[in-house]
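Notes for the structure review
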Amino acid sequence: LIFNMQAFRTKQAMQAQMRPNQMRAFMRRARVQVSVQAAKTASGPKVAIVGITGAVGQEFLTVLKERNFPYSDMKMLASARSAGKKQEFDGETYEVQELTADSFKDVDIALFSAGGSISKKFGPLAAEAGAVVIDNSSAFRMTEGVPLIIPEVNPHHMAHCKIGKGSIIANPNCSTIIALMAVTPLHKLATVKRMVVSTYQASSGAGAAAMEELWEQTRDVVNGKPAVPKIFPVQYAFNLFSHNSDMDVDSGYNEEELKMVKETAKIWDNKDVKITATCIRVPVMRAHAESINLEFEKDITVQEANAALAGFPGVAVIDDRVNNRHPTPLDASNKEEVFVGRVRQDISQAGKRGLDLFVCGDQIKKGAALNAVQVAEQLVKNSA
């Protein structure tokens, strides 16, 4: 694996020197000025992107290009505030259209990433119009009959979904996707009985405004100025805190933690697996990290685990004990793979029925846009 650290440091230095208004302009360009090419073909599906001006909406375009996804027509949809903006894609200039109840006529696949309330309102309308909705919000994840899909893990759960038959498919939570990409090959080997997860979640998970806040606060603190919280209730730079999702005051678990518990059981179709999670927001720009402890029903060695991980699609192992080189969020940023390392036997458990591992994955890419496009690819295969 080769990483262009010089390019990263140059970009980092450039951004660190920006004034607040320059930073806002930089973030806006990053969100709305993506120009890419994909595989336009008359036989491809007609695609709509809901939430095109957001971070994940823009990442959809990048991933569609990177994976050469076939399409015959593309529709860019957003709020009335963004309607009329121009978006370059595949050598053409598109005008962003306002999302309405009539937006999905003649649409085959609708990629949604505009928040749960928008998905709840417009997702069923799109499905009724004949589109297959691939939704990135939490709106339908636990709805009975709605497949919750990680294509490498449970594609069989969407075998009945085909282009031309309106339906809804849910994208799991980003932390769930990243965890299960690493744990599923081990689960297949020795069956997970219990999983304990601690997440270290980047600012990208809270959107572009949170990413900007982290840059601004870091610059202010370094320059001896006070950090001014805007998105989060506490200082973000040089700090970490409990994930900012709503908390169940009775159980003490926050919404992000409960998503991981419930979604894993649904994806694995296994209500017996025991899961607990602690989710933390950390001052990292992009890509989540997770520390995972596993208890298995059968013995599993480190060698067996590493072989299973290395052979699982979408997983890359960085596990160099001699040089203490293991995954970092920078390794995972803008990468498709989920990176796994620190694989070791859990010495607190008897025999060889416990493992610890450390995982990093890009929250915007595999945790959102890439997974959704992979679901669309699976849909095309189902419909062939």
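The text that follows walks through the structure, step by step, so that each part is easy to find.

Analysis parameters
Here the residue numbers are simple positions, counted from 1 along each chain's written sequence. A pLDDT threshold of at least 70 governs which residues receive local features in this predicted model, and a stricter bar of 80 or more applies before side-chain atom pairs are shown or counted, although totals over entire chains, interfaces and linings include all residues. Side-chain calculation: all heavy atoms of the structure are included, whereas hydrogens and water are not. Among buried residues, the Ala, Val, Leu, Ile, Met, Phe, Trp, Tyr and Cys ones that are joined through side-chain atoms within 4.5 Å form a nonpolar core. Accessible area is worked out with a 1.4 Å probe on protein chains only. A residue is then buried under 20% of its type maximum, exposed over 50%, and partly exposed in between. By this definition, two strands are paired if DSSP reports at least two bridges between them. Only runs of H or I of at least four residues qualify as helices and only runs of E of at least two qualify as strands under DSSP, and these elements are numbered from the N terminus. In what follows, residue pairs with any heavy atoms lying within 4.5 Å of each other are defined as contacts. Here, axes are lines fitted to C-alpha atoms. For helices the fit covers the stretch in contact, and angles between N-to-C directions go from 0 to 180 degrees. Pairing of aromatic rings covers Phe, Tyr and Trp, the last counted by its six-membered ring, and requires centre-to-centre distances within 6.5 Å; plane angles under 30 degrees mean stacked, over 60 mean edge-to-face, and any other angle means tilted. Two cysteine sulfurs form what is called a disulfide whenever their separation falls within 2.5 Å. Think of a salt bridge as a Lys or Arg side-chain nitrogen and an Asp or Glu carboxyl oxygen that are within 4 Å of each other.

Once that is clear, we can look at the nonpolar core. Among the nonpolar cores identified, the biggest contains 56 residues, and Phe104, Leu186, Met195, Ile292, Leu294 and Leu357 are the most heavily contacted of them. Ranked by size, the runner-up nonpolar core spans 33 residues in total, among them Ile52, Met74, Val132 and Ile134.

Let us look at the sheet that holds strand S13 (residues 274–281). A sheet is described by the order of its strands in space; here seven strands give the open sequence S12-S13-S11-S14-S17-S16-S15, paired in mixed fashion. Both outer strands of the open sheet, strand S12 (241–242) and strand S15 (315–317), are each paired with one neighbouring strand and no more. Bridge count between S15 and strand S16 (residues 338–345): three bridges; the pairing is parallel. Each bridged residue has a counterpart across the sheet, and for valine 315 the counterpart in S16 is valine 338. Where helix H5 (residues 174–190) meets the sheet, its contacts fall on strand S11 (192–201), strand S14 (288–296), S15, S16 and strand S17 (354–361), and the angle it forms with S14 comes to roughly 30°. Sheet strands in contact with helix H7 (residues 255–268) are S11, S13 and S14, and its direction is about 140° off that of S13.

Moving on: the pairing of S16. Looking along a regular strand, one sees side chains alternate from face to face of the sheet. The sheet contact formed by S16 and S17 spans five bridges and is antiparallel. Within S17, the position partnered with arginine 344 by the bridge is aspartate 356.

The next point concerns the packing of aromatic side chains. Throughout the structure, instances matching the rule amount to six aromatic pairs. The interplanar angle of 75° and the centroid separation of 5.0 Å between the aromatic rings of phenylalanine 232 and tyrosine 236 together place this pair among those described as edge-to-face.

Covalent bonding between the sulfur atoms of two cysteines defines a disulfide. Inspection of every chain in the model, using the stated rule, returns zero disulfides. Cysteine cysteine 174 remains unbridged, with the sulfur of cysteine 279 as its closest cysteine sulfur at 8.9 Å. The cysteine cysteine 360 is free of any disulfide, with cysteine 174 supplying the nearest cysteine sulfur at 13 Å. Take cysteine 360: its relative accessible area is 0%, and that puts it in the buried class.

Applying the stated criterion across every chain yields a total of 15 salt bridges. Lysine 259 serves as the salt-bridge partner of glutamate 255, at 3.9 Å between the closest nitrogen and oxygen. Here lysine 259 and glutamate 255 lie together in helix H7, a separation of four residues that amounts to about one turn. The shortest N-O distance in the salt bridge between arginine 325 and aspartate 331 comes to 2.9 Å. With a relative accessible area of 30%, arginine 325 lands in the partly exposed category. Each of the salt bridges in this network shares a partner with another, and the network as a whole consists of Glu59, Glu66, Arg286, Asp362 and Lys365.

Tracing the backbone shows phenylalanine 232 in the loop between helix H6 (208–222) and S12. Separated by 12 residues in sequence, phenylalanine 232 and asparagine 244 have C-alpha atoms that sit 7.4 Å apart. The residues contacting phenylalanine 232, other than those within four sequence positions of it, are Ala206, Ala210, Glu213, Phe241, Asn244 and Arg281.

By themselves, these are just geometric observations and shouldn't be taken as functional.
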